[in-house]
Every structure is written in C-alpha cells, then in structure tokens.
Amino acid sequence: MPSVQRRVTPRGKIRFRAMVRVKGHQTKTATFLKRTDALLWAQETESRLRQSKYFPDKLIELEKYTLGNLLDRYQSEVLPKKKAKGQLGQLKWWKDQLGDRKLKSFYPALISTYKEKLIQEPSERTGRKRTPATVNRYLALISHVFTIAVKEWQWMEINPVMQISKPKESRGRTRFLSDEEREKLLNACRSSESVFLFVIVTLALSTGMRKGEILGMKWENVDLKKKRITLVETKNGETRVVPLVGKAYELILHVYLKQEPEEDSLIFSSPKNPAQPINIRTAWETALKKSSVSNFRFHDLRHSTASYLAMSGATLLEIADILGHKTLQMVKRYSHLSEDHKATVLEKMNENIFG
C-alpha cells in the first residue's frame, strides 16, 4: 500500500513525499507540490511494479528508453500533424541537453533546472536572452511530448513539467497606427513598385488577418458574392471565416477582374514562380522608411485592427472572434481602449433605469 507524507522544508514550504514498497523491488520515492499528485504517482508506480511481476520483459523494455528515443518518435509521428512552426529547433534543444538521459530519471526539479537555463542563457539563433513567452513555448512543447509518452505510449508514469511554475509573460505589444501614420503608410504602399503591397496592407488592416494567412490565400478561399474569406490553414488549426468588406473588397474584386485566375491559384503569387507567394519584405521596409513610420512590424497591422475595433465599441469577445483567438486572454491588452465605449453603455443603462 503506497503512503504519502506531508513535509515542511527549512524555508517553510509544504511538500508531499510519496513512498512505494513492493516485495522484490527497491523502495520508490518522489516528492510533489500537491498531495493528489503524490498519491496518483504512488498508485501508478505500485501498479506498474506489481505488473512487472507478470510482465518483466515489458518493464525492462520501458526502462531502456531515453528522452532522445522519445523525441525521435514524437518528431516522426506527432510533429507532422501539428500546425505550429519552429518546434523542430526546440526539440533539438531538448535533445542536445537531455537526449541521453533515461526517461525513468526525469523529475520536476530537473526540468526546473533547465527552465532556468532557458531563461538565463542567450539563444544560439539570436544571441539574445529568450523572453518569458519563448521559454514557455519550450516548456509547452516538452510537456506535450511527455503527455503523449504517458497517455498514448505508456513510456512514462507522470509528466514532470506539470509540477513546475512557468515564467510570467508580459502583457504583450499593442503598437498600432495613429490616423496620421496610417494615411502616410497607405500612401507609401500605394506608390510602391510592388503591385500587391497596397492591397495586402489594406487587407491586413481591414480584416486583422496574419501575413501568412494573406500570402497563402487562394482564389478558392474567396467568395466574392457573399463577401467573405474562408481560412483553412490558420495558426490554431481551425477554419475561420473572415468578412471581406469596404476598400479591401473593392481591391480584391479589382485584382480578380484583372487576372481572371484559376480557383486553385494563389492570389498574391510570385512573378518568378506562380506556385509560391510573393515576397514583400523589401517593399514593406521601403514603405516604412518612406512614410517615416518607426518601431512598426507587419504583425502590428493586426494589432491596429484590434485597437480600431476596441475604440469603435467592439467587445473583447467580438475582437477575439474576428482575429481567431480561442480565448479572451490575447485580446485583454485592448480592453483599456474600449473604456469610453463602456462608459457610454453604462450611461445608457442608468438612463433607462433611473431616468
């Protein structure tokens, strides 16, 4: 029968130590932040040790696996099904650091040590320290790797990442174009040598779509009669329908009438290779310099859309729905921009109640 002991550290923190004794096996112990986690680990460990009496070969097989073995299988079987980018480099980092270590030897304190290493050491790619958001993406990835190992492949008993705290992330960037900046930038894009830059930037401001979503659009994604765009390949992996209205609709219609394209062709294709999207990096940077708009990235057009929506009275739920966020957490940064709208709503409500 497993046991769980409550302990107090020299610093006054409470920990729970699980202990498992099974005849014929060495005593197993582990320490956790929560009693429920300690009890769950103890029950699973005891069950596994008792099963090994009848299936000894299976236990020996499981104990030989390393993190490198797990990451290799994850990379070949799971990663191709995911939409997220940049995870190959993160998997390599974990493999370089801990790839030779046996899975049975992983515990929360070990992961916490490498969390600190991620925070303190500069990135090999950029030479700068990683942001809390970046560190959390590394932790989220290895956590998912361990979760798959526990739930689907039964290579591990617990996910050690679940026991550690995550770095607190900043509220997020909210840079958006002022009315003057917007006018100057659009004028610069309109006079650009790139025939599509003005259309692309207008579409980004009008819809809040990401750069990758816009450049990857095909004519089959656009319904000019119903004035909407259907995005299948989105960042969160879900299909999203975006209204196509105003100036953006007029520009897209003009491009369509001018090209009379095939349905499966890209809207903004490269002049060198029609199967590839156009590269607007140089044209975009030139437009920024020409308009004297500083400290601004293409993704900030998306922030601009969200900010304009908030200042126009849209709720956070409406903004999240338009931008394609699953939760309200990402759009809370715009809440202060809608304060005037909130005051108007409350004034109207009070007038109806009290006269």
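Residues numbered from 1 in each chain as written. Predicted model: local features only at pLDDT ≥ 70, side-chain atom pairs only at ≥ 80, totals over all residues. Heavy atoms only, no water.

1. A look at the nonpolar core
Then, number 1: In this structure, Leu185, Phe268 and Leu301 are the most contacted members of the largest nonpolar core, which totals 43 residues.
Then, number 2: Secondary structure elements with two or more residues in this core: α7 (179–190), α8 (197–207), α9 (211–215), β5 (228–231), α10 (246–259), α11 (281–291) and α12 (300–311).
Then, number 3: No other element matches α8, which puts eight residues into this core.
Then, number 4: Filtering out sequence-adjacent residues up to four positions away, Leu185 remains in contact with Leu177, Trp284, Ala287, Leu288, Ser291, Val293, Phe296 and Leu301.
Then, number 5: Of all hydrophobic cores here, the second largest spans 31 residues; its members include Leu91, Val135, Leu139 and Ala149. (Core = buried A, V, L, I, M, F, W, Y, C linked by side-chain atoms within 4.5 Å. Buried < 20%, exposed > 50% of the residue type's maximum accessible area, 1.4 Å probe, protein only. Helix = DSSP H or I, 4+ residues; strand = E, 2+ residues; numbered from the N terminus. Contact = heavy atoms within 4.5 Å.)

2. Brief notes about a nonpolar patch on the surface
Then, number 1: On the surface, Leu346, Met349, Ile353 and Phe354 cluster together into a nonpolar patch covering about 440 Å² of accessible area.
Then, number 2: Counting through the fold element by element, Met349 comes out in helix α14 (residues 339–354). (Patch = residues over 30% accessible without salt bridge, like charges linked within 9 Å, V, L, I, M, F, W, Y side chains within 5 Å. Areas by Shrake-Rupley, 256 points an atom, 1.4 Å probe, with all protein chains shown as cover. Salt bridge = Lys/Arg side-chain N within 4 Å of Asp/Glu carboxyl O.)

3. With respect to the confidence of the model for the chain
Predicted coordinates in areas of low pLDDT are best not read in detail.
Then, number 1: Mean pLDDT over the chain: 85, with 90% of residues reaching 70 or higher.
Then, number 2: Averaged over each element, pLDDT in the chain is lowest for helix α2 (residues 56–63) (54) and highest for α11 (95). (pLDDT = per-residue confidence, 0-100.)

4. Points about unusual backbone geometry
Then, number 1: Here the phi dihedral of Lys227 falls at roughly 55°; this positive angle occurs in a residue that is not glycine.
Then, number 2: Mapped onto the elements of the fold, Lys227 is located in the loop between β4 (222–223) and β5.
Then, number 3: The class of Lys227 is partly exposed, set by a relative accessible area of 39%.
Then, number 4: Even without a glycine there, the phi angle at Ser292 is positive, about 60°.
Then, number 5: Tracing the sequence through the fold places Ser292 in the loop between α11 and α12.
Then, number 6: For Ser292, a relative accessible area of 61% corresponds to the exposed category.

5. Some remarks on the sheet that holds strand β2 (residues 14–20)
Then, number 1: In spatial order, the strands read β1-β2-β3; together these three strands make up an open sheet with antiparallel pairing. Of all the strands in the sheet, just β1 (3–8) and β3 (28–32) have a single pairing partner and so form its edges. With direction set aside, neighbouring strand axes in the sheet form an average angle of 25°. (Pairing = 2+ DSSP bridges. Axes fitted to C-alpha atoms, helices over the stretch in contact; angles between N-to-C directions.)

6. Notes on the packing of helix α4 (residues 87–98) against helix α5 (residues 108–120)
Then, number 1: The contact between α4 and α5 brings their axes to 12 Å, and the two run at 120°. Compared by their axis directions, α4 and α5 come out oblique. Viewed along their axes, α4 and α5 form a crossing whose handedness is right-handed. Along the contact surface, α4 presents Trp93, Trp94, Gln97 and Leu98, while α5 presents Leu110, Tyr114, Lys117 and Leu118. (Parallel < 35°, antiparallel > 145°, perpendicular 65-115°, else oblique. Left-handed = near helix turned anticlockwise from the far one by under 90°.)

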